[in-house]
Amino acid sequence: MTTSLAGRAHPFTAGSVSLAMVLLAVLVPAPNGPPLLYLAVCVVAIATGVGRAVRQGMLLAAPLWILLFLMHGVLGDGPRIPAPWGGTLSASGIAWAIEQGSRLAAIVTASLGFARAFNPHRFLQAAIARRWPFAAAFLVVATLDAMGRFGEQATRLREAQRTRGLKVRGSLATRARAIPALVFPLLLASLTEADEQALALETRGLTAPGHRTALDPPADGVLDRLVRWGALLIVVLALWWRVGQ
C-alpha cells in the first residue's frame, strides 16, 4: 500500500493514528460519540487510501450489530417504541446497541486500515533508525505479516482437503465435522514454518548484540510528527475529560 497516503506516511504515523482511534473508541462518551467516531474512522480510511478497510470492517462488524440488535433492541427491557415492521423495540436497548456496535466497528475498521497500510520493510527501517531493539521490531513485523500468510495457507489447505473429498460446505453440522481436518494440519504447518524461520533468523544473527544501521530509513516529515502529536493530544484530552466526569 505504498501508493496510498497512509502507505507513504511514516510507518509510526499510521500506527499512532490507528491506536488513537482504538483508544478513543473506548473513551468517547455516549450516545453521540461512538457513531461520530466510527464515521470519522471511515472518512480517514477513505481519505488516506485504505478505503477497503471500511468495507471489510462492515462485513466483520455486521454479525456483531445483528447480535446486539437482537439481544438489546428486540429482547431488551425498558420503554418500548414501535418497530417499522410491527411490534415494539426497547428504546434504551437500541441506543446501547448503536453505541457498542459503533465502538466495535471503529476498532475493527481502524485495525484493518493499519494492516492495509503496514509495510514490513519500511517499519523495520524506521525501527532501526530509532534504535529500537531489532528482535522486538521484528516480532511486530512477523506477527502482522504472518496474518496474511496464515490466511493464504488456510485457503490452500481447504482446497487441498476438498480435492481429497472433504466436505467443507453445506450445513453447520457438515462444516463442524470438517473443522478438525482443517485446523490440525494448519496448526502443524504453522508451527513447522515458525520453527524453520526461527532457526534461519538465529543463524543470521537476529539476537546478536549491537545496533544495526538503517539502509533506507523512511522520511519523518513535519506533517507526520504533527499528526502523531495531535493524535496523542486528542487521546489525552479525551482521557482527562472521561476521568473528570
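Here is what the cut-offs are and how they apply
- What you see as residue numbers is a count from 1 along each chain, following the sequence as written.
- The model is predicted, so local features are restricted to residues of pLDDT at least 70 and side-chain atom pairs to those at 80 or more, both for listing and for counting; the totals for chains, interfaces and linings are taken over all residues.
- To get the side-chain values, take all heavy atoms of the structure and skip hydrogens and water.
- Helix and strand assignments follow DSSP, with helices taken as H or I runs no shorter than four residues and strands as E runs no shorter than two, numbered in order from the N terminus.
- Only protein chains enter the accessibility calculation, which uses a 1.4 Å probe; a residue is then buried when its area is under 20% of its type maximum, exposed when over 50%, and partly exposed in between.
- Contacts: residue pairs with any heavy atoms within 4.5 Å of one another.
- Each polar contact in these results corresponds to two N or O atoms within 3.5 Å; when the atoms are within protein, one needs to be able to donate a hydrogen and the other to accept it, and residues that are neighboring in sequence are counted only if both atoms are side-chain atoms.
- By definition here, a helix of n residues has an expected span of 1.5 Å times n minus one.

S.K.: Tell me about the overall build of the protein, and name the residues and values.
M.R.: Regarding its fold elements, the protein presents 9 helices and 2 strands. From first element to last, N terminus to C terminus, the protein shows the α and β order α-α-α-α-β-β-α-α-α-α-α. A total of 245 residues make up the protein; the buried ones form 32% of that total. For the protein, restricting intrachain contacts to residue pairs at least 6 apart in sequence, the fraction spanning at least 24 positions comes to 68%.

S.K.: Please give an account of the side chain of Arg 122 that cites residues and values.
M.R.: With respect to the element layout, Arg 122 can be found in helix H6 (residues 120-129). Relative accessible area serves as the criterion here: at 18%, Arg 122 is assigned to the buried category. In terms of polar contacts, Arg 122 uses its side chain to reach the backbone carbonyl oxygen of Arg 8, at 3.4 Å. In terms of polar contacts, Arg 122 uses its side chain to reach the backbone carbonyl oxygen of Ala 9, at 2.8 Å.

S.K.: Account for helix H9 (residues 222-244), with residues named and values stated.
M.R.: It helps to recall that an α-helix has 3.6 residues per turn; residues three or four apart then point in one direction. In a regular helix each residue adds 1.5 Å, so 23 residues correspond to 33 Å; H9 covers 32 Å between its end C-alpha atoms and thus fits that length. Restricting attention to buried positions, one finds in H9 the residues Asp 224, Arg 228, Ala 231, Val 235 and Ala 238. Residues of H9 that are buried make contact with helix H2 (11-27).

Nothing here speaks to function; it is geometry throughout.
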